[in-house]
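# An overview of the molecular structure
In case you want the letters, here they are:
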Amino acid sequence: MEFSINGGKSFDDDSSIGTADEVAGALRACQSNGTQSPSPPSKTHLSILKENRIVSYLLHFDEESSTGTAEEVDGVFRASKSNDTQSPSSPPSKTPLSILKENRIMNYLLHSLWKSDYKDEEDYNCELQCKQQCKRYLLITVLALMGLILIVFAGREAEVEIEKVISDSPDTRASIVHHDAFVVEKHSSIPEIQATMVLYRHKQTRAEILTIVPNQSNKSVKGEQQQKAQAGDSVFGVSVKTQSDSNSGAAHVLMKGLWDGSTKYPLKDPIREYSKGSLNTYLDATCLEDRTLYTAATRNRDDWRNLIQLMLDALFHPLLLEDDHSWIFRKEGWRVESEMRKGDEGYDVEELVLNGEVLDVQRSIYNDPDEMIHRYARRSLFHDTRMQYDAQGIPRDIYLLDRIGMKNFYHKHYHPTNMQIFFYGSLDDIHDGLNLFHYGFAKQHGVRKDKLEMSMAKLQKWNLQEPALEIHSFQSPNDADENEDATRIANHVMTSWLINEDIMTTKTELAWKVIEYMLVGTPVSILRRALDETQMGTEVVGDGLDTTYQQWRFSIGLKGVVEEDDVTKVDEVIEEALKQIVENGFDQESLKAAMNYVYMQNLDYNNDRALCSSSTRTSPRGVHYFHKALEKWSYGHEPSNAFEFDKEWRSLQAELFNPKYHENGDQILRNLINSCMLENTHRAHIRMTPRKDDLERQSREEQERIDWLGKNLGNEDFMNLMRETDDYETIGSTPELTEVYEMLPKLASKYIEFQEEDIHPLLMVNQSRVSTEHQVMLAETVVAASYGMLFVDFGIDLRDLLLDELVLVPVIARLMLQTASFDYSKELLNHKIHQVSTGISHELMLLDVLPKKKDKGTSVDHQSSYSVHEGDHLATKIFFRGQCMVENLNEYLSLLQELVFQGREFTKVEIETVIKELIEEAQSWVEEESHILADIRMEARYSNQGFLIEQVYGISQLQNLHSLLLKTESDFDSLKTALERAHKALVQSHRSGMVFSVTGEPELLEEARPIVDEFLTDGIPNNDEGTVFLHPRDAPHPWIKSIVKAQKVSSPIADEVLIVATPVASVGKIGVLYPAAETTINGSTAAVAHYLSAASYLYRKDRSQHISINYRPRHGTLQFLSTQDDSPESTLESLEQLRESLSNYILDKDYLPEDAQQAIIGAVAKEQQPERISQVGWHLLIDLLSSPDEEGSTRSNAKDRIQWRQEMLLTTREDFIAFVNDLLAWRDTSVAVVSSSNSKEALSFSNNDTSQNITDANATDIGQQLSLIPVANTGPAILPLPQLTNANG
């Protein structure tokens, strides 16, 4: 038996072998006495001890300690001897082992191999030889004899325990897990992320495992809380190298199909079913062009183990490979189904159509010009490599994939040798992960040489002799004028460069990020501004670098280009701007801003645009690390290279700002632009042109594919295809068997407990403090790691404003931060901000606050944060938010003081520009998040807080902004006067309503304290004559009467249809479940509501619909919301049966069903979503300002949340029955539907027959049942939002 150590070697070296007699002799020869250190051993004796196999074997065992003499050691060797050349077959007894472990002679002998003051040449040579040959081995042995190594083998195969070796050297505080199934290939401390990274290799399969363990660098915080605060969510990830050689989408179909059941968990969708009762904070699979990722995160250790086992079983033992599970391929890939449609003569006719999960997703993508333009650009640039293929699949090619092709793809790629495993968390997490990977799955596999020899992604060389030009079509918008020529509808035009044909150094990569910032990173960047000033299009497209793969792309262009001549001019404008840069260079102020911005973005991965996809934007930090590491690790490079940038950044900074270069310091940037862009012909010009009949063309092509299948498959094969489709439909509609469902691992709610630190896992509760300094509320939020940054939030109260002026606040805040000041132009102001921060943003805080006293005036010690109340107490503030390095804090606060408090007049052009920007942003948000629009609109009818939120974030905001835009032309003087009054009220607000919050590590906060004190003393104007503000809990908000009056007019309790340009409809229903009587509702209410969100009878077969049912504690409302809903009417009909269906399901059983129990845990998981470091202080402020308690409000809120979660976990069958009865009292209900302008379904849910086209003539009549919301105050016509982009509304 061998003991594995770093480097994969063992103590069992064949250079010499010492028998038990020789070892005993060596000990006796070296002994001075039994209690004192012996004299140095001779060379021969050292060799005998070093190479003896028995000694090596005995070091595997450890028991309780006792001290042994040389005679006792002699006896141990003789008793343990099996033979002279082999390790003994059984472990020694407890006492002999203890003797060996603690014997001082053995300790001294081992120490002598390291450092001895020998006086003769023989001893000196002995020492030198041992140092050279045995240093690594004997270090582990020393640690073992000191009691740091515990390895147990009990004559049977079992899980290998862990050595936790923590090195406290100045260079690295490494946390390494040693395991005999793995080799530690490299470990290093990464200061940039304050963590230790270890790269392992699995001996048996050669799979690579990367672990990241956060450092415990915060010396003032100790124990388990520190570990939790540092690590936060534990993350597990698997990356499989899956480069495709076609556009059939095999990698994508496999990714989805692998989750449709495994050998150990033979459910239809085990991971999704488990997630209903999981505490996971992230669970996703992602298919990229050359790799497929499977990632999970959680804070619960049992959940961690379960998720790893579920995912690995899905990857190694999927059911989709089995012939009797062919339905999985039909579900996820493609299938032929029969559908009924109206024929030309009005009769129902049957037709065959192609459907499938992946096919449907890709159809949507290949009808989105913003997505298509990038995929076509990548295909052109990587024309010689497999990167040209779309791993997710192109709709016209997906049907060419069959089950055999999918199975071949699986067997080629899905093997441990071709995988990269990732763990982020504590050493205990790493321990669990390594054992589960080895013993549960990888141990069954050997090394696959073909996987080792599988080539990495081939580098594409610059071999295009001239730029590629491609023209593609997309479906023109539904609201386009039927008589309008297609060429008059907006084109998308983009140029994309492949900027490197070889692997770049870290310094070059940083240089490109600086270039990106300079060219397109801000509204005043050179290329962005040049394109905007042409007014040839509506919006810049491309946005710069794509750093996902080893070869980067830089893309830039315009969307909304109408004129044909302008299509070619776009590239000319880009070319000319780049030439000017190469000739004249960059100014020093913008370079300083770019360097600071790039540095901070590399520290804060939650704000890294390249990593923040829709699926990872709010994900745990470890998920970002996984994605970031793969940018290097996937291509055979050290994963640490993805994080270590500080040294190269400083080198680049020295070159850019070296005084001896003067104006030529930026030559490195200019050379890159010239060689990789201007002179580089390996680029693609992509034009997306709209067509009115593009969808019809796609339908014809799909019908041709169906006809081709019928002709080429033959009758028998075609019938098999249809049978597999029938199997999918049958299995999909069949409930899981109880015995199958019980195979899933489950979290037991009775073992789940919450501590105060679980509420804000990154927050150091005991060290954070709140005080009043110079009449300003000061909150210092301590986190274990802020990566050298401080997060600063400064808030001003809005109570001096009128309710009607609330809509002006976003306009004023934008004018403060983005327009020119007395000292700076708009461009220079932008540079000054980014020289000290990543930017300053504004955010409205509109909070519900629990009152301090009851209506009767009697004092209460504490009210739960989940009490239902009238909602008359509100916190309304505007915050200016940013982050900076501690060394830049003084400059940051000076700049903030100038922007906020040193007011000046705003010009008409500035005001009009800002209003247009806000309209454009609001329209984009409404189109992309239409379901949130319905949510906000419904809440506005039932609470004061909801009304305010809708005024600044809902459709009312868009109406109000359009009215303001009209005023810039029709009545600018009155608009300017209103803006000036509101601005003055803000900047002259009394200090008592202001809040200053700073978040960071303890040492940084200590350094920042005098700078903050100076800002609070001298940076804020004194306004002693202003209104002194009480805490919001102490008095009702002054806007309440105005809100109640306005709510009756603009947000009555009535059914409404909101007409917006959205690809999918959403429908919601809301009502009062509990009255506002300051009663505290049990957390079980939220648990039952969450369970109902997954009620199968609310969903249709396609399952594209997403349903959520939420209880709003402080408002007492229950809300139902369905998104991606193509039939609002049928959805609302199902909702009407909600109470009856729930009642029958629960009352039929005398126990709480298993799925309901799991849904309760899933409801708790919703309460503990990932928290970004930049949001910790913000969430603390919300707790402080919304609590009814004067002291300890943060802790009180934490206790309330713990109690709420525990109540959710304790939900019983009786709670479900009580909820059923409460539904009888669901009163004052109303409906909101969000749909596109041409959607008849938007009106079909009315009790009357109102399914008709919406026109000016009939809008009023329809309003008897539904309140139809126009998007501008210009008349009764209902228009899609995108048409309202001009001053005429």
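One structure accompanies this document, and this report is about it.

Per the secondary structure count, the chain includes 47 helices and 28 strands. Residues classed as buried in the chain amount to 57% of the 1289 residues present. Roughly 53800 Å² of accessible area belongs to the chain as shown, and the carbon and sulfur atoms make up 47% of that amount.

Okay, unusual backbone geometry next. With a phi close to 55 degrees, Gln 535 is a non-glycine residue in the positive phi region. Phi at Asp 543 takes a positive value of approximately 65 degrees, unusual for a residue other than glycine. Residue placement: Asp 543 occurs in strand β14 (residues 539-546). In this structure Asp 543 comes out as partly exposed when scored by relative accessible area, which is 33%.

It is worth spelling out the nonpolar core at this point. Inside soluble globular proteins, nonpolar side chains tend to come together where they are buried. The biggest cluster of nonpolar side chains holds 122 residues, and the ones touching the most others in it are Tyr 294 and Trp 334. Looking at this core, the element that brings in the most residues is helix α11 (residues 301-316), giving 9 residues. Counting residues in each nonpolar core, the second largest holds 102 residues, with Leu 199, Met 504, Leu 558 and Ile 581 among its members.

The topology assignment puts Thr 1131 in helix α41 (residues 1128-1136). Considered as a pair, Thr 1131 and Leu 1121 are 10 residues apart in the sequence and their alpha carbons are 9.8 Å apart.

Note that Ser 1230 resides in strand β27 (residues 1227-1235). In contact with Ser 1230, other than residues within four places in its own chain, are Arg 941, Tyr 942, Ile 1053, Ala 1054, Asp 1055, Gly 1068, Lys 1069 and Ile 1070.

One way to put it is that helix α9 (residues 250-257) packs onto helix α16 (residues 403-413) with a least axis distance of 10 Å and a crossing angle of 80 degrees. Viewed along their axes, α9 and α16 adopt a mutual orientation that is roughly perpendicular. Facing α9, whose interface residues are Ala 250, Ala 251, Val 253 and Leu 254, α16 presents Met 406, Phe 409 and Tyr 410.

Turning next to the sheet that holds strand β17 (residues 769-773). Through backbone hydrogen bonds, the strands of a sheet pair up, either in parallel or in antiparallel fashion. One open sheet holds the 6 strands; their spatial order is β17-β18-β22-β19-β21-β20, and the pairing between them is mixed. The strands lining the two open edges of the sheet, one partner per strand, are β17 and β20 (840-848). Averaged over all pairs of adjacent strands, the angle between their axes in this sheet comes to 20 degrees, without regard to strand direction. Here β20 runs beside strand β21 (residues 874-885); their pairing, made up of 9 bridges, is antiparallel. Bridging across to β21, Ile 840 finds its partner in Gly 882.

Take the pairing of strand β19 (residues 789-797) next. Looking along a regular strand, one sees the side chains alternate between the two faces of the sheet. Counting buried residues along β19, 9 of its 9 residues qualify, which places the element largely inside the surrounding structure. Where burial is concerned, the two faces of β19 agree: the one with Met 789, Phe 791, Asp 793, Gly 795 and Asp 797 and the one with Leu 790, Val 792, Phe 794 and Ile 796 are both buried. With 9 bridges joining them, β19 and β21 adopt antiparallel strand pairing. For Phe 791, the partnering residue across the bridge sits in β21 and is Gln 883.

Attention now moves to the pairing of strand β11 (residues 419-424). Of all 6 residues in β11, 6 are buried; the element is thus mostly enclosed. Neither face of β11 is open: one carries Met 419, Ile 421 and Phe 423, the other Gln 420, Phe 422 and Tyr 424, and all of them are buried. Two elements, strand β5 (residues 208-214) and β11, share 5 bridges in a ladder whose sense is parallel. Following the sheet pairing, Thr 211 is matched in β11 by Phe 423. Judged from the 6 bridges that link them, strand β6 (residues 234-241) and β11 form a sheet pairing that is antiparallel. What sits directly across from Ser 239, in β11, is Gln 420.

Applying the stated criterion to the full structure yields 23 aromatic pairs. Measuring from centroid to centroid gives 6.5 Å for Trp 259 and Tyr 294, while their planes differ by 40 degrees, and the two rings are tilted. Of this pair, Trp 259 sits in the loop between α9 and α10 (270-275) while Tyr 294 sits in strand β8 (residues 291-298); the two residues are 35 residues apart in sequence, bridging distant segments of the chain. As far as burial versus exposure is concerned, Trp 259 and Tyr 294 are alike and both buried. Seen from their ring centres, Tyr 424 and Tyr 625 are 5.7 Å apart, and the 65 degrees between their planes marks the pair as edge-to-face. A residue pair is termed long-range when its members are at least 10 positions apart, and Tyr 424 in strand β11 and Tyr 625 in helix α23 (residues 621-633) qualify at 201 residues. Its relative accessible area of 2% is what places Tyr 424 among the buried residues. Look at Tyr 625 and you get buried, because its relative accessible area is 1%. Three or more aromatic residues joined by ring pairs make a cluster, and in this case those are Trp 259, Tyr 294, Tyr 410 and Tyr 414.

Time to look at the sheet that holds β5. Pairing is mixed in the open sheet, where 7 strands are placed in the order β3-β4-β5-β11-β6-β8-β7. Looking along the sheet, the strands with just one partner apiece sit at the ends: β3 (182-190) and β7 (280-287). Pairwise comparison of adjacent strand axes, ignoring direction, gives a mean angle of 10 degrees for this sheet. Against the sheet, α9 makes contact with β7 and β8, and its axis sits at roughly 150 degrees relative to β7, the strand it touches most. Packed onto the sheet, α11 meets β6, β7, β8 and β11 and runs at close to 160 degrees relative to β8.

Conventions adopted
- Residues numbered from 1 in each chain as written.
- Predicted model: local features only at pLDDT ≥ 70, side-chain atom pairs only at ≥ 80, totals over all residues.
- Heavy atoms only, no water.
- Helix = DSSP H or I, 4+ residues; strand = E, 2+ residues; numbered from the N terminus.
- Buried < 20%, exposed > 50% of the residue type's maximum accessible area, 1.4 Å probe, protein only.
- Areas by Shrake-Rupley, 256 points an atom, 1.4 Å probe, with all protein chains shown as cover.
- Core = buried A, V, L, I, M, F, W, Y, C linked by side-chain atoms within 4.5 Å.
- Contact = heavy atoms within 4.5 Å.
- Axes fitted to C-alpha atoms, helices over the stretch in contact; angles between N-to-C directions.
- Parallel < 35°, antiparallel > 145°, perpendicular 65-115°, else oblique.
- Pairing = 2+ DSSP bridges.
- Phe/Tyr/Trp six-rings, centres within 6.5 Å; stacked < 30°, edge-to-face > 60°.

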